[in-house]
Amino acid sequence: MKRILMITTGGTIASVATSDGFTPGIDGTSLLKMVPVLTGKCDITCSEIFNIDSSNITPRHWQMIAKTIDEVYFDYDGFVISHGTDTMAYTAAALSWMLKNPAKPIVLTGAQVPITLEGTDAKDNLINAFEVACSGVEGVCIVFGNQVISGLHAKKLCSEDFNGFSSINAKPWATIDETGIHWQKSILDRMQTKDESVRMGFRVMPNLEEKVVVLKVIPGMKPDVLEYYYNKGFKGIVIESFGAGGVPNEDNNWLPALEWAINSGMTVVCSTQCIYDGVNLRKYPIGVLAERLGAKSAGLQTIEATVTKLMWDLAN
Ligand code: ASP
């Protein structure tokens with residue numbers, strides 16, 4: 001039997017109904033007991049490292065998850081992390097940068113409806129997550145609803161729907177239906193031709209720079225916010241602007257402030273408010289001029305992957 005470590009962290013999946021709304025209150029062992037079919041499928045050890053709403057997650061919590069995996073990496077065949085859905089895509093992206101060369105499945109899952117309630121999606125998601133954790137697929141992914149999504153491409157798009165996550169700018173690793181998990185061919189090929197040298201190369205690089213911010217631009221917004229964040233000690237800024245990316249350059253001209261911020265040592269990455277198709281700074285002057293001053297492009301990355309990459313890059 002495959003040995004799987006289940007790391008529980010809270011979220012709706014582990015919540016109970018209270019007068020203040022759903023609150024994490026079910027410990028890891030009880031969560032597992034509610035899906036008895038799992039114990040026949042693999043040998044599961046449970047480790048509850050915290051039990052919180054994922055809106056309260058910080059980079060320190062990502063580091064706790066990474067450290068937990070690092071300490072016992074060679075004792076298990078795979079890892080399932082139960083987690084709130086609200087910031088699961090950030091955690092998945094952060095772990096994807098911090099865990100280098102993982103040769104085992106590291107699977108995040110959660111639920112839109114607590115496991116304690118009628119009609120919950122928690123049990124199906126857990127069953128599928130454990131199946132993926134036993135599959136031998138490599139790396140960080142989210143198993144949710146009918147998809148297995150790379151940790152670097154996942155985004156929560158729905159606050160209620162059971163298929164709440166989408167795979168952005170990449171095909172999902174697999175789709176799930178009542179007949180099972182259907183892997184994309186390239187993922188299947190990779191599973192079957194595992195490279196031993198990569199398998200041995202696992203290591204955790206947990207350092208992150210927390211003085212990073214995402215700035216969502218709105219029409220007419222003044223560029224002096226860059227100076228504000230610089231004065232507050234921020235080292236990196238993701239400018240989430242419009243369309244193919246860039247900054248306003250006419251009456252409300254951001255370019256001088258951008259140049260000043262970059263010359264002062266800030267790293268500036270241009271991202272977009274569009275969900276799909278990513279950034280192309282070469283398409284319009286607003287992007288060309290920003291890039292010429294040293295702004296970087298988020299490319300096809302989600303905002304979650306972009307901001308966690310910036311945190312990681314600035315600390316490594
Ligand atoms: N607020 C919850 C959380 O992220 C939502 C969920 O888990 O679905 O912890």
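Okay, so let's go over this structure. (Residues numbered from 1 in each chain as written. Predicted model: local features only at pLDDT ≥ 70, side-chain atom pairs only at ≥ 80, totals over all residues. Heavy atoms only, no water.)

Let us now look at the overall build of the chain. Across its full length, the chain holds 11 helices and 18 strands. For the chain, the C-alpha radius of gyration of 21 Å lies close to 20 Å, the compact-globule estimate for 316 residues. With the C-alpha coordinates aligned to their principal axes, the bounding extent of the chain is approximately 65 × 55 × 35 Å. Counting only carbon and sulfur atoms, one obtains 51% of the accessible surface of the chain, whose full area is about 14,100 Å². Where the 27 positive side-chain charges of the chain centre and where its 34 negative ones centre are 5 Å apart. (Helix = DSSP H or I, 4+ residues; strand = E, 2+ residues; numbered from the N terminus. Rg over C-alpha atoms; globule rule 2.2 N^0.38 Å. Areas by Shrake-Rupley, 256 points an atom, 1.4 Å probe, with all protein chains shown as cover. Lys, Arg positive; Asp, Glu negative; His and termini not counted. Charge placed at Lys NZ, Arg CZ, Asp CG, Glu CD.)

This part is about unusual backbone geometry. Phi at Asn 169 takes a positive value of approximately 60°, unusual for a residue other than glycine. The exposure class assigned to Asn 169 is partly exposed, which follows from its relative accessible area of 23%. Phi angles above zero are rare outside glycine, and Asp 277 is one such case at about 85°. (Buried < 20%, exposed > 50% of the residue type's maximum accessible area, 1.4 Å probe, protein only.)

Evaluated as defined, the whole model comprises eight aromatic pairs. Ring centres 5.0 Å apart and planes at 90° place the aromatic pair Tyr 73 and Phe 74 in the edge-to-face group. According to the relative accessible area criterion, Tyr 73 is buried, its value standing at 1%. Taken together, a centroid distance of 5.0 Å and an interplanar angle of 75° make the contact between Tyr 230 and Trp 260 edge-to-face. (Phe/Tyr/Trp six-rings, centres within 6.5 Å; stacked < 30°, edge-to-face > 60°.)

So, about the layout of surface pockets. Rolled over the atoms, a probe with the dimensions of a water molecule shows which regions are left empty. Considering only enclosed or pocket space, the largest pocket measures out at about 220 Å³ in volume. Lining the largest pocket are 14 residues, and of these Pro 102, Glu 138, Gly 139, Val 140 and Arg 190 lie nearest its centre. Only helix H4 (88–98), strand E6 (99–100) and strand E8 (139–144) provide two or more residues apiece to the lining of the largest pocket. In this structure, the second largest pocket occupies an estimated 150 Å³ of space. Lining the second largest pocket are 17 residues, with Lys 155, Thr 272, Cys 274, Ile 275 and Ile 303 positioned closest to its centre. Grouping the constituent residues of the lining of the second largest pocket by class yields seven nonpolar, eight polar and two charged. (1 Å grid on protein atoms, 1.4 Å probe; cavity = no way out; pocket = protein on both sides within 12 Å on 5 of 7 lines; lining within 4 Å. Points joined across faces, edges and corners; volume = space filled by probe spheres on them. Nonpolar A, V, L, I, M, F, W, Y, C, P; charged D, E, K, R; others polar.)

Where helix H3 (residues 59–72) meets H4, the closest approach of the two axes is 10 Å, and the angle between their N-to-C directions is 55°. Comparing their axes, H4 and H3 come out oblique. Crossing hand, H3 versus H4: right-handed. Between H3, through Trp 62, Gln 63, Ile 65 and Ala 66, and H4, the contact on the second element is made entirely by Tyr 90, Thr 91, Ala 94, Leu 95 and Met 98. Tallied by class, residues from the contact of H3 with H4 come to seven nonpolar, two polar and no charged. (Axes fitted to C-alpha atoms, helices over the stretch in contact; angles between N-to-C directions. Parallel < 35°, antiparallel > 145°, perpendicular 65-115°, else oblique. Left-handed = near helix turned anticlockwise from the far one by under 90°. Contact = heavy atoms within 4.5 Å.)

Quick look at the side chain of Thr 306 now. Relative to the helices and strands, Thr 306 is located in helix H11 (residues 303–315). When residues no more than four places from it in sequence are discounted, the contact partners of Thr 306 are Val 238, Val 269, Ala 298 and Gln 301.

On to the side chain of Asn 125, then. With respect to the element layout, Asn 125 can be found in helix H5 (residues 122–133). For Asn 125, a relative accessible area of 2% gives the class buried. Among the polar contacts made by the side chain of Asn 125, one reaches the main-chain carbonyl oxygen of Gly 110 at a distance of 2.9 Å. Look past the residues within four positions of Asn 125 in its chain and what remains in contact with it is Thr 109, Gly 110, Ala 111, Val 143, Phe 144 and Gly 145. (Polar contact = N/O pair within 3.5 Å; in protein donor to acceptor, adjacent residues only side chain to side chain.)

Another aspect to go through is the sheet that holds strand E17 (residues 267–272). Read across the sheet, four strands follow the order E15-E16-E17-E18 without closing on themselves; strand pairing throughout is parallel. Only two strands of the sheet have a single neighbouring strand rather than two, namely strand E15 (212–216) and strand E18 (296–297). Summarising the sheet, E17 and E18 pair through two bridges and their orientation is parallel. If you follow Cys 270 over to E18, its bridge partner there is Ser 297. Along the sheet face, helix H8 (residues 224–231) touches E15 and strand E16 (236–241) and points at about 165° away from the line of E15. (Pairing = 2+ DSSP bridges.)

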